[in-house]
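# Structure assessment
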Amino acid sequence: MKNKYSIFSLIKNAFSYHENWGKAWKDPAPKKEYDAVIIGGGGHGLATAYYLAKKHNMKNIAVVEKGWIGGGNTGRNTTIIRSNYLWDASAGLYDHALKIWEGLSQELNYNVMFSQRGVMNLAHNLQDVRDLKRRTHANRLNGIDAVYLNTQEVKKFCPIINTSPDIRYPVLGGTLQRRAGTARHDAVAWGYARGADEMGVDIIQNCEVKAIKRNGNNVEGIETTKGYIKTNKIGVVAAGHSSVLANMAGLKLPLESKPLQALVSEPVKPIIDTVVMSNAVHAYVSQSDKGELVIGAGTDDYVSYSQKGSHDIVEGTLNAILELYPIFSRMRMLRQWGGIVDICPDASPIISKTSVEGLYFNCGWGTGGFKATPGSGDLFAHTIANDEPHKLNAAFNINRFVSGDLVDEHGAAAVAH
Amino acid sequence: MFVINCPFCGEREHSEFKAGGEAHIVRPKQPTELSDDEWAEYLFMRKNIKGIQFERWNHAHGCRKWFNMVRDTSNDEIKAVYKMGEKPPIK
């Protein structure tokens with residue numbers, strides 16, 4: 001790596017007041033033709049390009065992004081990483097990602113601030129207790145660390161939770177995955193962009209795709225705001241806008257794009273050193289390194305691309321937060337925003353070939369795509385390079401909506417929708 | 001947050017309503033004769049349009065009646081509201 005970041009480069013640049021750091025990636029104009037083009041410069045798209053170049057030696061490739069890299073859902077999520085999903089296929093997929101996360105900062109030579117602070121999922125009624133116990137057992141059979149905690153153990157692990165039996169939805173227990181945690185979302189996009197750029201990948205920002213050109217049943221190029229680009233392999237990783245891109249190629253997807261909101265508070269001293277999620281009352285919270293509480297709300301029930309959600313969703317989430325954490329009653333919220341998430345009917349993603357030759361889709365991550373970023377990129381790169389899925393993403397093909405072989409993860413997805 | 005003009009009750013806050021997804025998806029007349037592809041199309045595939053979309057809504061915390069809506073999903077602007085069974089007032 002030409003500009004390896006290290007303690008020495010840090011000291012060297014300190015002498016020039018950190019004003020002479022080189023650019024982490026170039027800003028090239030698109031070439032006329034590429035071996036493959038990735039549409040979407042979020043974490044998943046950049047990771048796909050990185051692994052295509054690194055593991056499959058495809059270096060004449062480009063990532064096209066309509067805005068700036070990492071400016072969509074990569075920069076809007078609540079950065080939770082875990083792999084405690086119910087079904088074998090999901091466990092394989094998400095734990096593959098978690099294993100890559102564990103060595104990612106070293107691999108990318110970029111600190112993604114991966115922090116294995118644990119993720120706790122709370123149970124508030126008897127059915128929650130049964131479901132979470134079942135999921136704990138399923139996780140352990142798949143080699144994923146998971147423990148079930150009773151109310152006292154929940155209180156011990158996170159003392160600020162109100163475990164009083166007379167709150168509206170009392171805490172009856174919870175699960176804990178200690179390997180789970182958070183990472184710095186921007187750093188993931190930037191780290192993959194820098195790594196891909198280093199290997200010769202063109203990262204083209206402010207370049208919106210206007211049309212996907214087909215020649216019979218093959219793709220032959222894309223029309224963009226920066227001109228026509230010829231290619232016979234296109235990987236679409238466009239999150240909320242996946243259906244829009246599919247429409248350009250004459251396809252229809254089983255997706256609905258909906259607003260999902262999050263908010264952060266003013267920064268305070270360290271108060272919560274883990275991630276706590278509560279599916280039933282719909283509130284989850286962690287604390288960023290800056291000290292802000294990072295709070296995730298739910299999705300709205302209507303299709304929208306407006307990146308705005310409705311107020312009552314936020315109100316409901318904050319009601320639940322206050323009931324569970326009375327200590328936060330005087331916290332002020334600093335910012336609130338929405339992102340557009342593409343939700344599959346079975347709450348599992350699609351990483352798949354399509355009926356069009358050379359056209360691949362990686363979409364449907366819904367409310368929980370960030371955690372899978374490295375694994376998603378790795379498996380999608382494999383699918384594009386070999387024109388067939390890796391065994392870990394074979395179950396996540398688009399044909400499952402025809403065969404009926406769905407991967408129902410509504411329980412583990414943790415955001416009600 | 002937006003205000004919805006229920007065709008039965010008049011203008012009410014959006015939080016009183018429940019969205020029911022894409023409108024005008026016709027239930028197959030002969031379900032037993034459908035292929036797997038046709039079932040997938042009917043059950044799962046959605047237009048998910050960015051722009052003018054036709055959809056069903058229910059006044060869940062009001063008259064509880066279903067109706068149709070034409071809405072621009074890029075900015076949430078409601079273009080028209082019409083009753084079930086009626087033709088859309090906008091193409």
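Cut-offs applied
- Residues numbered from 1 in each chain as written.
- Chains lettered and ligands numbered in written order.
- Predicted model: local features only at pLDDT ≥ 70, side-chain atom pairs only at ≥ 80, totals over all residues.
- Heavy atoms only, no water.
- Helix = DSSP H or I, 4+ residues; strand = E, 2+ residues; numbered from the N terminus.
- Rg over C-alpha atoms; globule rule 2.2 N^0.38 Å.
- Buried < 20%, exposed > 50% of the residue type's maximum accessible area, 1.4 Å probe, protein only.
- Contact = heavy atoms within 4.5 Å.
- Areas by Shrake-Rupley, 256 points an atom, 1.4 Å probe, with all protein chains shown as cover.
- Buried area = accessible area lost by both parts, 1.4 Å probe.
- Salt bridge = Lys/Arg side-chain N within 4 Å of Asp/Glu carboxyl O.
- Axes fitted to C-alpha atoms, helices over the stretch in contact; angles between N-to-C directions.
- Parallel < 35°, antiparallel > 145°, perpendicular 65-115°, else oblique.
- Nonpolar A, V, L, I, M, F, W, Y, C, P; charged D, E, K, R; others polar.
- Phe/Tyr/Trp six-rings, centres within 6.5 Å; stacked < 30°, edge-to-face > 60°.
- Lys NZ or Arg CZ within 6 Å of the ring centre and 35° of its normal.
- Pairing = 2+ DSSP bridges.
- Expected span 1.5 Å × (residues − 1).
- Polar contact = N/O pair within 3.5 Å; in protein donor to acceptor, adjacent residues only side chain to side chain.
- Patch = residues over 30% accessible without salt bridge, like charges linked within 9 Å, V, L, I, M, F, W, Y side chains within 5 Å.
- pLDDT = per-residue confidence, 0-100.

### Considerations on the overall build of chain A
Looking only at helices and strands, chain A has 11 helices and 19 strands in total. Here the C-alpha radius of gyration of chain A, 21 Å, is about what a compact globule of 417 residues would show, namely 22 Å. Projected onto its principal axes, the C-alpha coordinates of chain A cover approximately 65 × 60 × 40 Å. Among the 417 residues that make up chain A, the fraction classed as buried is 59%. Partitioning the contacts of chain A with sequence separation of at least 6, the portion at a separation of at least 24 is 75%. Split by element, the accessible area of chain A, about 17,300 Å² in all, is 52% carbon and sulfur.

### So, the interface of chain B and chain A
On the side of chain A, 26 residues touch chain B, which itself brings 27 residues to the contact. For the pair chain B and chain A, the two sides together bury roughly 2,100 Å², of which 55% comes from carbon and sulfur. There are 2 salt bridges connecting chain B and chain A. Residue A:D301 is joined to B:K18 by a salt bridge in which the shortest nitrogen-to-oxygen separation is 3.3 Å.

### Some remarks on the packing of helix α3 (residues 88-108) of chain A against helix α9 (residues 373-386) of chain A
Residues and elements named next belong to chain A. Orientation of α3 relative to α9, taken along the N-to-C sense of each, is 110°, at an axis distance of 7 Å. The angle between the axes of α3 and α9 places the two elements in the roughly perpendicular class. In contact with L93, H96, A97, I100, W101 and L104 of α3, α9 contributes T373, P374, G375, D378 and L379. Taken together, the residues that form the contact of α3 with α9 break down as 7 nonpolar, 3 polar and 1 charged.

### Details of the packing of aromatic side chains
Tallied over the full model, the rule gives 16 aromatic pairs over all chains. Their ring planes at 75° and their centres at 6.3 Å tell us that B:F2 and B:W57 sit as a pair that is edge-to-face. Here B:W57 lies in strand β4 (residues 52-58) and B:F2 lies in the segment before β1 (3-6), a separation of 55 residues in the sequence. Look at B:W57 and you get buried, because its relative accessible area is 0%. Through a chain of ring-to-ring contacts, three or more aromatic side chains come together here, namely A:Y5, A:W21 and A:Y110. In this arrangement the basic side chain of A:K133 is found over the ring face of A:Y148, its NZ or CZ atom lying 5.1 Å from the centre. Lying over the aromatic face of B:W66, B:R56 brings its terminal NZ or CZ to 5.5 Å of the ring centre.

### Observations regarding the sheet that holds strand β11 (residues 227-230) of chain A
Two strands in a sheet stick together by hydrogen bonds in their backbones, pointing the same way (parallel) or opposite ways (antiparallel). Residue and element names in this part refer to chain A. Spatial strand order, β9-β10-β11: 3 strands in an open sheet with antiparallel pairing. Each edge of the open sheet is held by one strand with a lone partner, namely β9 (209-215) and β11. Between one strand axis and the next, the sheet turns by 25° as a mean value, whatever way the strands run. Bridge analysis of strand β10 (residues 218-224) against β11 gives 4 bridges, and the strand direction is antiparallel. Within the sheet, the bridge partner assigned to E223 lies in β11 and is Y228.

### Topic: α3(A)
Its 21 residues place the ends of α3(A) 29 Å apart at the C-alpha level, agreeing with the 30 Å of an ideal helix rising 1.5 Å per residue. Trailing α3(A) by a residue or two, A:N109 shows a phi angle of about 55°, which is positive.

### Details of the pattern of salt bridges
Here the structure, examined in full by the defined rule, presents 22 salt bridges over all chains. Between A:K252 and B:E41 there is a salt bridge, and its shortest N-O distance comes to 2.8 Å. In this pair, A:K252 sits in the loop between α7 (242-248) and β13 (256-265) while B:E41 sits in helix α1 (residues 36-43), so the two residues belong to two different chains. Residue A:K252 is classed as partly exposed on the basis of its relative accessible area of 33%.

### A short note on the side chain of A:R117
All names here are of chain A. Structurally, the position occupied by R117 is in the loop between α3 and β4 (119-123). Relative accessible area serves as the criterion here: at 17%, R117 is assigned to the buried category. Among the polar contacts made by the side chain of R117, one reaches the side chain of T182 at a distance of 3.5 Å. Setting aside anything within four residues of it in sequence, one finds R117 in contact with F157, A180, G181, T182, D273, T274, V275, Q287 and D289.

### Observations concerning the sheet that holds strand β5 (residues 66-72) of chain B
Residue and element names in this part refer to chain B. Spatially, 4 strands are ordered β3-β4-β5-β6 in an open sheet, and the strand pairing comes out antiparallel. Each having just a single partner strand, β3 (18-22) and β6 (77-83) make up the two edges of the open sheet. Between one strand and the next, the sheet's axes are offset by a mean angle of 35°, whatever the strand orientation. Bridge count for β5 against β6 is 6 bridges, and the pairing is antiparallel. Along β6, the bridge assignment pairs F67 with K83.

### Quick look at a nonpolar patch on the surface
Residue and element names in this part refer to chain A. Taken together, I7, F8, L10, I11, F15 and W21 make up a surface patch of nonpolar side chains, about 690 Å² in accessible area. Mapped onto the elements, I11 comes out in helix α1 (residues 7-14). Assessed through its relative accessible area of 44%, I11 is described here as partly exposed.

### Some details on the confidence of the model for chain B
Mean pLDDT for chain B: 95, with 99% of residues reaching 70 or above. In the model output, the complex is listed with pTM 0.96 alongside ipTM 0.95.

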